[in-house]
Each structure stands twice: as structure tokens, then as C-alpha cells.
Amino acid sequence: MTAAPEQERPGRIMAREIREQPDVLRRLLGTGAARIQDVARQVAARAPRFVLLTARGTSDNAALYAKYLLEIRLGLPCGLASMSTTTAYGARPDLRDVLVITVSQSGGSPDLVASTKAAREAGAITLAVTNNPDSPLAAVSEHHIDIMAGPEKALPATKTYTASLLALYLFVEGLRGADGSTVAAVLPDLAAELLTRQDEVRTLASRYRFAGRMVITSRGYGYPTAKEAALKLMETSYIPALSYSGADLLHGPLAMVDNISPVIAVVTDGQGGLALQPVLDRLRGRGADLMVVGPEIQVAQASAGFVLPTAGVAEEVQPVLEILPLQLLAYEVTIARGQDPDAPRALAKVTETR
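**Topic: the sheet that holds strand 8 (residues 263-266)**
No. 1: Read from one edge of the open sheet, 5 strands run 7-6-8-9-10, paired in parallel fashion. This sheet does not close on itself; its edge strands, each paired only once, are strand 7 (241-245) and strand 10 (304-307). Adjacent strand axes in the sheet meet at a mean angle of 15°, parallel and antiparallel pairs treated alike.
No. 2: Note: strand 8 against strand 9 (residues 290-294), 4 bridges, orientation parallel. Bridging from a neighbouring strand, Ile264 pairs with Met291 of strand 9.
No. 3: Helix 13 (residues 271-285) rests against strand 6 (214-218), strand 8 and strand 9 of the sheet, and its axis sits at about 160° to strand 8.

**A word on the packing of helix 3 (residues 57-74) against helix 7 (residues 159-175)**
The description of two helices packed together rests on the angle between their axes and the distance between the axes.
No. 1: Interhelical geometry of helix 3 versus helix 7 gives an angle of 25° and a closest axis separation of 9 Å. When the axis of helix 3 is compared with that of helix 7, the two are roughly parallel. You can see that helix 3 and helix 7 cross each other, and the crossing is right-handed. Packed against helix 3, whose contacting residues are Thr58, Asn61, Ala62, Tyr65, Ala66, Leu69, Leu70, Arg73 and Leu74, the element helix 7 presents Tyr161, Ser164, Leu165, Leu168, Tyr169, Val172, Glu173 and Leu175 at the interface.
No. 2: Of the residues in the contact of helix 3 with helix 7, the class split is 12 nonpolar, 3 polar and 2 charged.

**Thoughts on helix 7**
No. 1: In this model, helix 7 (17 residues) spans 24 Å end to end at C-alpha, consistent with the 24 Å of a helix rising 1.5 Å per residue.
No. 2: Of all the 17 residues making up helix 7, 17 are buried; the element is thus mostly covered by neighbouring parts of the structure.
No. 3: Phi for Gly177, located one or two positions after helix 7, is positive at around 80°.

**As for the environment of Ser164**
No. 1: Within the fold, Ser164 resides in helix 7.
No. 2: Sequence separation between Ser164 and Ser261 is 97 residues; the distance between their C-alpha atoms is 31 Å.

**Overview of the side chain of Thr268**
No. 1: Within the secondary structure layout, Thr268 lies in the loop between strand 8 and helix 13.
No. 2: A polar contact of 2.7 Å, which involves the side chain of Thr268, links it to the side chain of Glu322.
No. 3: If near-sequence neighbours (up to four positions away) are discounted, Thr268 is found in contact with Tyr221, Gly222, Gly273, Glu315, Gln318 and Glu322.

**Considering the sheet that holds strand 4 (residues 125-130)**
No. 1: The strand order across the open sheet built from 5 strands is 2-1-3-4-5, with neighbouring strands paired in parallel fashion. Strand pairing shows two members of the sheet lacking a second neighbour, strand 2 (78-80) and strand 5 (143-146), which therefore form its edges. Strand-to-strand, the axes of this sheet are offset by a mean angle of 20°, without reference to chain direction.
No. 2: Summarising the sheet, strand 4 and strand 5 pair through 4 bridges and their orientation is parallel. The residue bridging Thr130 from the neighbouring strand is Asp146, located in strand 5.
No. 3: The strands that helix 5 (residues 110-121) touches are strand 1 (50-54), strand 3 (98-104) and strand 4; relative to strand 3, the one it contacts most, it runs at about 165°.
No. 4: Helix-sheet contacts for helix 7 involve strand 3, strand 4 and strand 5, and the interaxial angle to strand 3 is about 160°.

Cut-off values and rules
- Residues numbered from 1 in each chain as written.
- Predicted model: local features only at pLDDT ≥ 70, side-chain atom pairs only at ≥ 80, totals over all residues.
- Heavy atoms only, no water.
- Pairing = 2+ DSSP bridges.
- Helix = DSSP H or I, 4+ residues; strand = E, 2+ residues; numbered from the N terminus.
- Axes fitted to C-alpha atoms, helices over the stretch in contact; angles between N-to-C directions.
- Contact = heavy atoms within 4.5 Å.
- Parallel < 35°, antiparallel > 145°, perpendicular 65-115°, else oblique.
- Left-handed = near helix turned anticlockwise from the far one by under 90°.
- Nonpolar A, V, L, I, M, F, W, Y, C, P; charged D, E, K, R; others polar.
- Expected span 1.5 Å × (residues − 1).
- Buried < 20%, exposed > 50% of the residue type's maximum accessible area, 1.4 Å probe, protein only.
- Polar contact = N/O pair within 3.5 Å; in protein donor to acceptor, adjacent residues only side chain to side chain.

Written out as C-alpha cells, the structure is:
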């Protein structure tokens, strides 16, 4: 049988955009870092007392990562905004001296634009983090960071997610008066190395091709990765994938774990991984089919896994690498199930929630 031409192959767009990520990271660290530093200096001069993060979908997971950064690195209290309080209920809280960060790939969703506009009118310092500097969201925000990922055509977001993570990390470090590009400089080459290991992921995908449900867990900086991996699996392969903080998993959902439904644990090398250790012990004790994405020592104790190069990589930037094999897993599982990850059913690239 003749193979389908490249332009007709299912998943070709998602696969290409996954491969582009090392170059996107290099571009952001190169021409983008100075601009992000400048925005960070302007915002820091306003001395915000609180941060509200506003986003949907994949961008919401990037915003959750920023919440960990802001609270751990800066000690700034943060919250994830409930946009309907503004857009549906008309609430107008006092947002003086509050930094509102809105993360959106397209910058086009009406509720994001409306809530950001309302926040600015309520006295907030507003920052849009998007892949489109000409978007409505950028226009209504006081400050803007371009994540410089280039056009993303596959419906599942991949390169815009990792670019958002890196941009947010550089911004938070800039708020501290630090240059995060030095710590993050290792990421592009390591990302390129990880993406050469697709055959390993394909083997893992064959293990999970017929899964009826998956559970994904982590703690600390890895928790946004768990949530994003679950989203990728659900929107591409349609497998119900439930994401939990390791702490929350122990408070009830652990009861549904058995030796049939796979559990994926994202084990960050650092304090988050240490906090997850009791959860891993409980999962192994229940005979769970446990896949670990993380350091070699943790993978060796699991049913299956993917070893991440964490030596010399700061814990706070490991999520940029952690998600890559999980993006590949979502892609490979979807292909193995005979579906097209480029065009999940019932989804649009710009979701216009209100």
C-alpha cells in the first residue's frame, strides 16, 4: 500500500508544530527576552499588591504555571479570575494596584477582551500575553507580551503553550530584577533532544491505545503540566483524562485507581517531586499501571516512563520540557486510534466564549 502524501497525512500539522518548539524557544530567548524585560520593569515600577490571572483552556494551564512562579519566586498572592463575575454578572471589583495578566493564544475571545477592558477601567495594571500583537486583547491592555510562536494551525495548541510558559517565566524573573534567560538558556537544545525520542513515545502509545480512562497527577510546578497533558489527550484522542494535584488525588479520587486505568505522574526534579513521593508510593501499593515522566530514578520504579534530562535544569523551568513527551503521547495515541489530531471534532481554533 502506498503511503499517503505528507500533505494528506493525519496529524501532519500538529507534528510539524511540535517539532518547531526548540526554534520558538530560541527566538523568544533571543529577540524576545529584552522586550519582556522592558515590560517587567514597567510593571514592577507600579508595585502591584496582588495578581489576577485570566485565561481559558491551554492558556489557563499556562496561567496556573505563572501563579506558581509569582507566589514562589515573588511572594505575590495570586488568584485565577472567574470571568463570568464580570461578563455575566456585571461585578466591578476595586482593582487598584492589582496586576491582571490575561493569557490567550489568539487574543480574540470576547470574554477575555471584555473582562480585561473592565479590569483596566477598574484601576488594574493590565498585561496581555498573546501570540497576536494585533489582537483585540492586546489593544485593550496597557501592556503586551508577544510570545512569538508564529502561526499555529493545528487545533491542539503545542508551541504556543511552551512559548507562553517561557514568556511568563522571563516576565516573572524580570519583575524580580533578574534575567531569566540565563537559567532558561538550556531549554532549546534539551527540547530538540527530547523530540528526537519519538520512537520511545510511540511504544508508550501502543500501551495506552485502548485505554478507557487515564489519570494524570503531579504537584508544584508540574501540576500545570498534568492539566495540560490531560487536555491534550482529551481533545485529540477523546480519552477521558482526569488531572489532579497529588494532594487532591489522595482526598478521594484515589479510590478509582486500579491496575487497568493508567496513571501518568509528572515528577518534577525538586520540591514538587519530593511532595509527590507519598502519592507515588500509594499508587504503587495499589498496583496501578504507573507511567512516570521525570528523573531516571523515578522512571525505574514505575511500570513505564519517559526519562527527562533534569540535571542542571532549574525546577521552575522544567515544565517547558515536561510537556513535550506528553504532547507526543497525545499525538501518537490519537494516530494509533485512527483519528486525526489536527482536527478534533466539535472544536474551533478561536473559541469565542462570552
